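Examining the three-dimensional arrangement
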Amino acid sequence: MGLDFTVVPKFFDVIFIGVGWTVAITIAAGLLSFFGGIVFAVVALYGPLLVRLPFRLFAWLFMGTPLLLQLFLIYFGLIQIGIDLPAFVAGVVGLGLHFAVYNSELIQASILAVDKGQNEAARTLGLSRGQALRKVVIPQAVRAVIPPIGNNMIALLKDSALVSVIGVAELTLAAQQAIGRTFRPFEFYVTAAVCYYFINLALEAGLRRIERHIQLSR
Amino acid sequence: MDFDLMMRVFPFFLEAALVTVQLSILTAILGLICGSLGAAARLSRLRFFRAIGATYVSIIRGTPALIQIFILYFGGPQIGIQLDAFSAGVIGLSVNIGAYMTETIRGAIISVDKGQMEAARTLGMSRWQTMRNVIIPQAARLMVRPLGVNINALIKGTALVAAISVIELTYTAQRYIGSTYKPFEMFLISGALYMIIIYVTGRGIAWLDRKVQIT
Amino acid sequence: MSDAPFIEIRNAAKSFGALEVLKDINLTVEKGQIVAIIGPSGSGKSTLLRAINELDPLTSGEVWLDGVQINKDLPFRQYEKHVNQVRQDIGMVFQHFNLFPHLTVRGNITLAPKMLKGLSDKEVNELAEEQLKRVGMLERIDYYPSQLSGGQKQRVAIARALAMKPKVMLFDEATSALDPELVEEVNLVMKQLAEEHMTMIIVTHEMGFAQDVCDRVLFMDQGYVVEEGSPDVVFRNPTQDRTKDFLKKHLQGQN
């Protein structure tokens, strides 16, 4: 069986919808991972001991195990405790939490680095500890790690392919649907790869703009 | 928590963990070969090889590893490449991690001070003699730790081959979640085994790092 | 052949894009001569020195050493072979020493002779000891560069270059990166080489040293050799205004 890419255009609608869902998942999980990362970082650094310790255990588990395994846990685990989330939501939560843990590690280190000098400066102006953190330390700390967080976003986009395994109808699953009807895996997986490549390029360009923008305010 | 069940399925997970270890070792070796070749291409004097290296890195890092493995395993037969799932998994994962290792190795080599190359060339040593005796020994010290990060990612990345039904740790966990409806227990067993593999590897890398720093 | 100068640079020019860094330079150096090149930073003096051993190849012009053209226009592989060969005859000492940090002092010195001259371990060890004795560093033979002071590193770097038995030694601001109190030990080694009639070309900021040790001084500015002559002429009776300005600035602190 040779290659025949002429079948691909017939499935442009399927692929196109898949691209849309992949973008949607990446944005939703990306936002969750970003804000989740900030919350996790603050909890890990300043939360009460009873919250901090289980949280550290959770982070440690998430960093030491594969994303795919975590997706299975979240998808089937939630069903077991009676929460039947749509696959899309489970996928976003799984991806988002996974990368939130990685972002949180970056932000924690950054907060500690910024906190030293800036906290004192803010406190001498009369800000409370909480105000100093919220208004001075955390915004700076997060800005400083935007580039590595951007790298995590790029990884997140590519790892979004994994949620096809728990039945989220994104680009990879769209390709699989087309393959199911045509038995042409090579053509459609390559098509999906090309789509991912261009989404990735767009994401990188977007991240560069954000980085440039942030450079100005640092 | 159903400890009884956990005890009963543990041997199967242990067996699967051995497959994960095999996958990891083979992928690390092949990945390092891909990474070294990639770095050599990226640093070549000839534009042609530099372009090949840059294209390899860009395509692999711009697309999901899962798709790469699918292209190789499901699409391979269409272009005359028939591989069993395990081989396709190892090759796909190696080519993937090799692109990341290419950048790691290249980064270490170019961060060796350029005065080192000049000094050696001034003595009359050739480019290759200088690379082998002066640059690479110094770059090797710089690359152990970042390659360790790549290998850590690679071990977790082996889970992807569950999607082409290689019976490794994640596939086994998925199967038992499906048959026992005990996702937490199955996650704990497989997670613990992954952590052990990663921990032992991390200690090995740290040991190697100390060793290269001393000499 | 025997009439030809030992080192000859003919009509040397070099540019990086539109920027000309060397313009029509001619220079001859006789065997055993010691030539200093002085001038403001950016004047092209280091570039000229680095052109002699093809680290920064000229855009046009010729460099000859002992009857052999250094900067031959050859296909890549032959060119590489050729420069690897001729560079063995040209020792070079860098501002930042560029010792190999992963090798001991001994390893630094023996690496190239072992590989390029096919000497045995015994022979290269004797060679290393002999050269280290020359620069007064024999007792540090099994140290790593990181365990040495800047002056000691530079003396080892000189020994490493000497171990190739070069016909000429190039010094590219060999003492500029050193703490003031370490400069003298390196200067002493260079003076000793001068007494042994080693041919040397020295790019330096140290006017005193150039005056004491060198047979001839070149003053460069903006890619040109502006003035050239014996140290007495260049330092005491310069004819060009640019030389006078430069010397005024640089001799003030020294006398």
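Rules used in this analysis
- Residues numbered from 1 in each chain as written.
- Chains lettered and ligands numbered in written order.
- Predicted model: local features only at pLDDT ≥ 70, side-chain atom pairs only at ≥ 80, totals over all residues.
- Heavy atoms only, no water.
- Contact = heavy atoms within 4.5 Å.
- Buried area = accessible area lost by both parts, 1.4 Å probe.
- Salt bridge = Lys/Arg side-chain N within 4 Å of Asp/Glu carboxyl O.
- Polar contact = N/O pair within 3.5 Å; in protein donor to acceptor, adjacent residues only side chain to side chain.
- Helix = DSSP H or I, 4+ residues; strand = E, 2+ residues; numbered from the N terminus.
- Nonpolar A, V, L, I, M, F, W, Y, C, P; charged D, E, K, R; others polar.
- Core = buried A, V, L, I, M, F, W, Y, C linked by side-chain atoms within 4.5 Å.
- Buried < 20%, exposed > 50% of the residue type's maximum accessible area, 1.4 Å probe, protein only.
- Pairing = 2+ DSSP bridges.
- Axes fitted to C-alpha atoms, helices over the stretch in contact; angles between N-to-C directions.

1. Description of the interface of chain B and chain C
Contacts between chain B and chain C engage 21 residues on the former and 25 residues on the latter. Taking both sides of the interface into account, the surface hidden between chain B and chain C amounts to around 2,000 Å²; carbon and sulfur atoms contribute 59%. Among the residues of chain B in contact with chain C, B:R121, B:T122 and B:L123 are the three that bury the most area, contributing 32% of the side total. At the boundary of chain B and chain C, one finds two salt bridges. In this structure, the salt-bridge partner of B:E118 is C:R50, at a minimum N-O distance of 2.5 Å. Where chain B meets chain C, there are seven residue pairs in polar contact (both at pLDDT 80 or more). Those elements that provide at least two residues to the side of chain B that touches chain C are α5 (114–122) and α6 (127–157) of chain B. Grouping the amino acids of the side of chain B that touches chain C by side-chain chemistry returns six nonpolar, nine polar and six charged.

2. Thoughts on the nonpolar core
Within the largest apolar cluster, 73 residues are counted, with the highest numbers of intra-cluster contacts made by A:L95, A:L171, A:F188, B:F13 and B:I164. Ranked by the residues each element gives to this core, the list is headed by helix α8 (residues 185–216) of chain A, at eight residues. Ignoring anything within four residues of it in the chain, the contact list for A:F188 reads A:V7, A:V8, A:F11, A:I15, A:A175, A:A178, A:I179 and A:T182. Listed in part, the 60 residues of the second largest apolar core include B:A28, B:I109, B:A139 and C:L48.

3. Here we look at the sheet that holds strand β7 (residues 168–172) of chain C
The strands that make up a sheet pair up through hydrogen bonds in the backbone, lying either parallel or antiparallel. All names here are of chain C. Ordered in space as β6-β7-β8-β3-β9-β10, the six strands form an open sheet in which the pairing is mixed. Because the sheet does not close on itself, it has two edges, and the strands there are β6 (90–93) and β10 (224–229). Neighbour to neighbour, the strand axes of the sheet diverge by 20° on average, direction disregarded. The pairing of strand β9 (residues 216–221) with β10 spans five bridges and is antiparallel. Residue pairing for β10: F219 is matched across the bridge by E227. Sheet strands in contact with helix α1 (residues 45–52) are β3 (34–38), β6, β7, β8 (199–203) and β9, and its direction is about 150° off that of β7.

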